[in-house]
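# Examination of the molecular architecture
Here are the chains, one letter per residue:
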Amino acid sequence: MQTSDQPVLRDIVLIGGGHSHVGVLKRFAMNPVPGVRLTLICRDTHTPYSGMLPGYVAGHYSYDDVHIDLSKLAEFAGARFYRDEAKGIDRDRKRVRCLNRPDVPYDILSINIGSSPQVSDVEGALEYAVPVKPITGFNQRWLALLSRIEIHEGPLTLAVVGAGAGGVELTLAMQFRLRNELRQRGKNPDQLHFHLFDSAADILPTHNSRVRDIFRKALSDRGVKVHLGAAVRKVEEGLLMTEAGETLKADELLWVTRAGGPAWLRDTGLALDDNLFIKVRDTLQTENDDSIFAAGDIANVVNYPREKAGVFAVRQGRPLADNLKRMALGKSPRDFHPQKHWLALISTGDKFAVASRSHVHFAGAWVWQWKNWIDRRFMKKFTDLPPMEDSTKLPDTGAAINAEDASQAISAVAMRCGGCGAKVGSTVLSRALGELTPLDRDDIVIGLHSPDDAAVLRIPPGKAVVHTVDFFRAFIDDPYIFGRVAANHSLGDIFAMGAEAQSATAVATVPYGIESKVEDVLFQMMSGAVEVLNAAGCALVGGHTGEGKELALGFAVNGLIDPDEVMSKGGLRAGDVLILTKPIGTGTLFAAHARLAAKGRWIDAALASMTQSSKLAAECLRRYGSRACTDVTGFGLLGHLVEMTRPSGVDAELDLSAIPILPGAEETAAAGILSTLQPANIRLRRGIRDQEKWVSHPKYPLIFDPQTAGGLLASVSADQAQACVQELKALGYPHTAIIGRVTAQDMQGAIEPITLKD
Ligand SMILES: Cc1cc2nc3c(=O)[nH]c(=O)nc-3n(C[C@H](O)[C@H](O)[C@H](O)COP(=O)(O)OP(=O)(O)OC[C@H]3O[C@@H](n4cnc5c(N)ncnc54)[C@H](O)[C@@H]3O)c2cc1C
């Protein structure tokens, strides 16, 4: 996460991590504009590079070879990455509506969301065909097909609908790969049957006749049956019907037809063409909204209609970045004139490719090698990203927001006196918090619904109060997700005690900035937090918000408990087993993320784990009679275990091989990338018997790894353990594992209570 002393004055929001926006991010990374903040909203963390997709399907490239890691690229660019799907634009309020988070405000917006085959045009296609885009859906289906083929016996029929460049290339790539897979498994590749359908009279209609000849021959030589002039009319499960009445039974049906834009664009009021593509001017600004740009497949450049191809989206990256910058700096955007002819390099799946440019063509294995070189060089630009230690070291272009905005920022930021305890102004606060809907409870006498100097709570007879506090700095540039994690982390202590969460008071600091930006960050962060608190049945009853250098959030949380049912740290009994409900590794993963050394999907998995509540897990552990429980947080797994063994007067055995680990954490720890808290935690190694024996074990560093919103570590009697683990898994904690057992205290045990095993 990059921080800057420069307050944010303009928000440029990018929807979609397509080929143009990756170029925009790279350009802003190399030449940032002070005061301009970039936010990328994208459905997928890893976005495919279209040129290499058929090569991936054919088996020549790995998943990572052909995907750009947007989480890493955004981190490199100092941009915020919101993994979400846009589903609308409120142009009056200048906000992007998303599927899973509050609206995201923008000053300037850019859309690069690609296109998808129009499956809804043909009856049944939406239900029974697999569109090649979104690519994540196609990839899942493709991977499933690859696994299916391992056990499949007998003939297998695949039908591809759409014989443009994408459809032809995909058919040949799949045919090549699947035949190879069958051969490698000692099965008969001739069991595979491929059919390619198109309503047109010929394949590859936008390419010259020589190129078409080569591909017609390749398809025929490879046994692909081509059905031309065959418009598909209807699709049922495993069945396809054409207008002419021809039918085909198919095990898989792929859709690579004419593409279009998503239906939600209709409601934006943006000027669209018949295929729902956004009409843009030569500046890439939309026809009817100067503050919104579009590029790539989704844009219809009215004066320069072109084929939908990744090459155009890539080329638009530079002018788009320049024009976004110019708009942010108050200058007029410039026109961009795309090339008329373009070179298409279309492969046949078997490391052979054809180059096609207007009437010219050439073909050969060398063309594939050349294409491979071009494609890999392109990808290198987005994968070889040098870690940026400090955003202030980024080159300064000298460009800055205009004088009027700068003076607005100065009055908004620099004139802070701090005499008010650096509190956020009451108007900003009440506007940001006014939109939240914290839960109300009968036992809250005075809370946020009737604000006063302090909250007043009622304690039901026979109950005791559990009270805890946690506070920490943002570790990701996404206030909404950070708010969710912070609330979840704070609630962890309450659940670990076996209590019911009753109320929470928030303490937050928000970076200095102009009012609208401060208000939004506060709103996003508290929205995330309130959602989590509400789901836990916990009422937010008050708080304090100040301005500071960094975004930070914490909560003092109250819980209610029957004093006889406390799950304390000191309740371990020899013979019990130790259960851990979530995988560990968040410390090393986020240290690696900051150094651009973590894959985006590792960070996604860590965030999914950190935003999962431990409420159900705690209730389950209590049902199974757990008397000892703690949430694994800053001291790491070993630190928290020692905190339990000491007051319990027992020793413990920890099974390293059984400890669940987040994806990527072993790799980042092995690379020596560890949290700054790790050295303090590692002092506890003196509590491990024969610890020198274990230092080279790949999981050893992770038992010291500090966790944020980690899982519960609890003891359960041995006879209940398996059933308890099964129930925890069924409740949505799939990584729950028995990670060790509690043993009687050894004589030396007071100093070395922990024994490791593998
Ligand atoms: C099989 C096949 C092979 C192809 N081969 C080539 C080739 O060799 N060369 C070539 O030039 N073209 C090729 N194409 C065409 C090419 O794929 C597209 O033209 C290109 O991908 C368009 O790029 P884009 O930047 O517009 O969008 P995309 O590359 O499609 O990127 C769109 C991004 O937006 C995200 N997104 C979508 N909707 C939303 C939303 N609502 N909210 C947030 N994020 C969203 C997606 O997750 C994705 O990251 C091929 C197409 C196919 C089907």
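Residues numbered from 1 in each chain as written. Predicted model: local features only at pLDDT ≥ 70, side-chain atom pairs only at ≥ 80, totals over all residues. Heavy atoms only, no water.

### Overview of the overall build of the chain
Each helix and strand in the chain was counted, giving 20 helices and 38 strands. For the chain, whose C-alpha radius of gyration is 29 Å, the value lies close to the compact-globule estimate of 27 Å for 758 residues. Counting only C-alpha atoms and orienting by the principal axes, one finds that the chain spans roughly 85 × 70 × 50 Å. Out of the 758 residues belonging to the chain, those deemed buried represent 56%. (Helix = DSSP H or I, 4+ residues; strand = E, 2+ residues; numbered from the N terminus. Rg over C-alpha atoms; globule rule 2.2 N^0.38 Å. Buried < 20%, exposed > 50% of the residue type's maximum accessible area, 1.4 Å probe, protein only.)

### A short note on the sheet that holds strand E7 (residues 95-98)
Strand order in the open sheet made by the three strands is E6-E7-E8, with antiparallel pairing throughout. One side of each edge strand has no neighbouring strand; the edge strands of this open sheet are strand E6 (86-90) and strand E8 (104-105). Across two bridges, the pairing between E7 and E8 is antiparallel. Bridge pairing in E8 links valine 96 to valine 104. (Pairing = 2+ DSSP bridges.)

### Points about a nonpolar patch on the surface
A contiguous nonpolar patch, built from Leu343, Val360, Phe362, Trp366, Trp370 and Trp373 and spanning about 590 Å² of accessible area, is present on the exposed surface. For the nonpolar patch, the secondary-structure elements that each account for two or more residues are strand E26 (360-364) and helix H9 (365-383). Considering every element that reaches the nonpolar patch, the biggest residue donor is H9, with three residues. Within the fold, valine 360 resides in strand E26. On the accessibility criterion, valine 360 (46% relative accessible area) is partly exposed. (Patch = residues over 30% accessible without salt bridge, like charges linked within 9 Å, V, L, I, M, F, W, Y side chains within 5 Å. Areas by Shrake-Rupley, 256 points an atom, 1.4 Å probe, with all protein chains shown as cover. Salt bridge = Lys/Arg side-chain N within 4 Å of Asp/Glu carboxyl O.)

### Concerning the sheet that holds E26
Across a sheet, paired strands are connected by hydrogen bonds in the backbone, their directions being either parallel or antiparallel. Read from one edge to the other, the open sheet built from three strands follows the order E24-E25-E26, with strand pairing classed as antiparallel. Both outer strands of the open sheet, strand E24 (344-347) and E26, are each paired with one neighbouring strand and no more. Geometrically, the sheet is characterised by an average inter-axis angle of 20° between neighbouring strands, direction not taken into account. Relative to E26, strand E25 (residues 353-357) is paired through five bridges, and the arrangement is antiparallel. By the bridge assignment, serine 356 is partnered in E26 with histidine 361. Sheet strands in contact with helix H7 (residues 209-221) are E24, E25 and E26, and its direction is about 160° off that of E25. Relative to E26, H9 is tilted by about 95°, and along the sheet it contacts E24, E25 and E26. (Axes fitted to C-alpha atoms, helices over the stretch in contact; angles between N-to-C directions. Contact = heavy atoms within 4.5 Å.)

### Section: the confidence of the model for the chain
When pLDDT is averaged along the chain, the result is 92; 94% of the residues meet or exceed 70. Within the model, pLDDT remains below 50 along residues 390-398, and this stretch shows 11 contacts once partners closer than five positions in the same chain are excluded. The model gives residues 409-421 a pLDDT under 50, and that stretch makes 14 contacts with residues more than four places away or in other chains. (pLDDT = per-residue confidence, 0-100.)

### Examining the site of the ligand
Around the ligand sit 30 residues, and of these His19, Asp44, Thr47, Asp297 and Gly310 come closest. Note that an oxygen atom of the ligand is positioned 2.6 Å from one of the side-chain N or O atoms of aspartate 44. Take threonine 47: an N or O atom from its side chain is 2.7 Å from an oxygen atom of the ligand. Summarising the interface, the protein chains cover 90% of the accessible area of the ligand, which totals 990 Å² for the free molecule. It is helix H8 (residues 310-328) that contributes the most residues to the shell around the ligand, three residues altogether. Each residue belonging to the shell around the ligand can be placed in one class, and the counts come to 10 nonpolar, 12 polar and eight charged. (Near = heavy atom within 4 Å. Polar contact = N/O pair within 3.5 Å; in protein donor to acceptor, adjacent residues only side chain to side chain. Nonpolar A, V, L, I, M, F, W, Y, C, P; charged D, E, K, R; others polar.)

### Regarding the pattern of salt bridges
Per the counting criterion, the structure on display carries 45 salt bridges. Lysine 380 serves as the salt-bridge partner of aspartate 384, at 3.0 Å between the closest nitrogen and oxygen. Put simply, Asp202, Arg210, Arg212, Asp213 and Arg216 are held in one network by salt bridges that share partners.

### Description of the pairing of strand E38 (residues 754-757)
Side chains of E38 alternate between two faces, with Ile754 and Leu756 buried and Thr755 and Lys757 left unburied. Taken together, the four bridges between strand E35 (residues 650-655) and E38 define a ladder with parallel strand orientation. Within the sheet, the bridge partner assigned to leucine 654 lies in E38 and is leucine 756.

### Focus on the packing of helix H14 (residues 586-594) against helix H15 (residues 600-610)
Between H14 and H15, the shortest axis-to-axis distance is 10 Å and the interhelical angle comes to 135°. Comparing the axis directions of H14 and H15 gives the class oblique. Here H14 runs over H15; the crossing is left-handed. Residue-level inspection shows Thr586, Leu589, Phe590 and His593 of H14 in contact with H15, the latter providing Trp602, Ile603, Ala606, Leu607 and Met610. A per-class count over the contact of H14 with H15 returns seven nonpolar, two polar and no charged. (Parallel < 35°, antiparallel > 145°, perpendicular 65-115°, else oblique. Left-handed = near helix turned anticlockwise from the far one by under 90°.)

### A few points about the environment of glycine 166
Summarising the element assignment, glycine 166 is placed in helix H6 (residues 165-184). As a C-alpha pair, glycine 166 and alanine 309 span 143 residues in sequence and 9.5 Å in three-dimensional space.

### Digging into helix H20 (residues 718-730)
Turning to H20, its buried residues are Ala721, Cys724, Val725 and Leu728. On its buried face, H20 is in contact with strand E33 (577-580), helix H16 (615-623), strand E36 (712-716) and strand E37 (737-744). A positive phi of about 105° marks glycine 732, the residue just after H20.

### Describing unusual backbone geometry
Cis geometry is adopted by the peptide bond preceding proline 134, which originates at lysine 133 and carries an omega value of 0°. Not every positive phi belongs to a glycine, and leucine 284 is a case in point at roughly 75°. With respect to the helices, strands and loops of the structure, leucine 284 is situated in the loop between strand E20 (278-280) and strand E21 (285-286). In the Ramachandran plot, lysine 351 falls in the positive-phi region, its phi being about 60° despite a non-glycine side chain.

### So, the side chain of threonine 45
The topology assignment puts threonine 45 in the loop between strand E2 (36-42) and strand E3 (46-48). The class of threonine 45 is buried, set by a relative accessible area of 4%. Side-chain polar atoms of threonine 45 contact the side chain of aspartate 604, separated by 2.5 Å. Those residues in contact with threonine 45 that sit more than four places away from it in its chain are Ile68, Asp69, Leu70, Ser71, Phe81, Arg83, Gly600, Arg601 and Asp604.

### Considerations on the packing of H6 against H7
Geometrically, a packed helix pair is captured by the angle between its two axes and the distance between the axes. The N-to-C vectors of H6 and H7 enclose an angle of 30°; their axes lie 11 Å apart at closest approach. When you trace H6 past H7, the crossing you get is left-handed. Contacts from Val168, Thr171 and Leu172 of H6 reach H7 at Phe215, Ala218 and Leu219. Residue classes in the contact of H6 with H7 are distributed as five nonpolar, one polar and no charged.

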